[in-house]
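What the coordinates show
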Amino acid sequence: FRQAGIRLPFTRNAALRLQFAAPFFSATDQISYQTRLAGFEDTWSAWSHENYKEYTNLWEGTYEFQVWAMDAYGRISRVSGWPFAVTPPWYRQRWMYAIY
């Protein structure tokens, strides 16, 4: 993965909603998307018209949300990715192991 640009605290991992849009301007109601969360999912989702994806209870680690789109004419965009990391909870931080 690319370097995680955003670090989300473990306490905020209860619900993560990612919204996205396609660079196509015609027939926007017929745009389909495929997504995957690298580091969590091994395969791409089925094509869907939903322009959001929700995840809950992500474990600490590095992830990259990936999405691509297909317009009504079958043209497929390039894969776009958003790298992020979920930090460990306070009781699994390195400095806590020294205390234990």
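Structure shown above.
Residues numbered from 1 in each chain as written. Predicted model: local features only at pLDDT ≥ 70, side-chain atom pairs only at ≥ 80, totals over all residues. Heavy atoms only, no water.

Things to note about the environment of Ile6
- Along the polypeptide, Ile6 turns up in strand β1 (residues 6-8).
- The class for Ile6 is partly exposed, based on a relative accessible area of 39%.
- The spacing of Ile6 and Trp82 is 76 residues in sequence and 9.1 Å in space, taken between C-alpha atoms.
- Apart from the residues within four sequence positions on either side, Ile6 is in contact with Trp82, Pro83, Phe84 and Ala85. (Helix = DSSP H or I, 4+ residues; strand = E, 2+ residues; numbered from the N terminus. Buried < 20%, exposed > 50% of the residue type's maximum accessible area, 1.4 Å probe, protein only. Contact = heavy atoms within 4.5 Å.)

Here's the deal with the nonpolar core
- The biggest cluster of nonpolar side chains holds 17 residues, and the ones touching the most others in it are Tyr33, Leu37, Leu58, Phe65 and Phe84.
- For this core, the leading source of residues is strand β5 (residues 61-70), giving four residues. (Core = buried A, V, L, I, M, F, W, Y, C linked by side-chain atoms within 4.5 Å.)

Overview of the pattern of salt bridges
- This structure, assessed with the given rule, holds two salt bridges.
- Ionic pairing is found between Arg17 and Glu54, a salt bridge with its closest N-O pair at 3.1 Å. Placement of the pair is Arg17 in strand β2 (residues 16-19) and Glu54 in strand β4 (residues 52-55), with a sequence separation of 37 residues.
- Its salt-bridge partner being Arg75, residue Asp71 comes within 2.6 Å of it at the nearest N-O pair.
- Given the relative accessible area of 3%, Asp71 is considered buried.
- A residue is classified by how much of its surface remains accessible, and Arg75, at 46% relative accessible area, is partly exposed. (Salt bridge = Lys/Arg side-chain N within 4 Å of Asp/Glu carboxyl O.)

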